[in-house]
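# Structural features, examined
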Amino acid sequence: MGRAWKIVGLAGFVGVAATGVVIARAERRRRAYTPDEIRDRLHARLAEAELAEAELTPGPSDPQAR
């Protein structure tokens, strides 16, 4: 029974370590952007969101809007 707990503990430790590696890698990738790149990406995402909203919202000339 003791050996099973050691294996469970080791598996938990490996899981925590792997999660830390994934978080650190994502953080480095996120910090690699310059402020200008972040601003450009946000503007592009805003434009995409506005376009998608305009496509979903019926306009006054749409016969289904009445």
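Just so it is clear, the model here is predicted, and its values are computed rather than measured.

So, on to the pattern of salt bridges. Taken as a whole and assessed by the stated rule, the structure comprises three salt bridges. The salt bridge involving E27 is made with R31; its shortest N-O contact spans 2.6 Å. Of this pair, E27 and R31 both sit in helix α1 (residues 2–31), four residues apart, which is roughly one turn of that helix. Overall, the relative accessible area of 61% leaves R31 in the exposed class.

Moving on to a nonpolar patch on the surface. There is a patch of nonpolar side chains on the surface, built from M1, W5 and V8 and spanning about 420 Å² of accessible area. Checked against the element boundaries, M1 lands in the segment before α1. Look at M1 and you get exposed, because its relative accessible area is 77%.

Definitions and limits used
- Residues numbered from 1 in each chain as written.
- Predicted model: local features only at pLDDT ≥ 70, side-chain atom pairs only at ≥ 80, totals over all residues.
- Heavy atoms only, no water.
- Salt bridge = Lys/Arg side-chain N within 4 Å of Asp/Glu carboxyl O.
- Helix = DSSP H or I, 4+ residues; strand = E, 2+ residues; numbered from the N terminus.
- Buried < 20%, exposed > 50% of the residue type's maximum accessible area, 1.4 Å probe, protein only.
- Patch = residues over 30% accessible without salt bridge, like charges linked within 9 Å, V, L, I, M, F, W, Y side chains within 5 Å.
- Areas by Shrake-Rupley, 256 points an atom, 1.4 Å probe, with all protein chains shown as cover.

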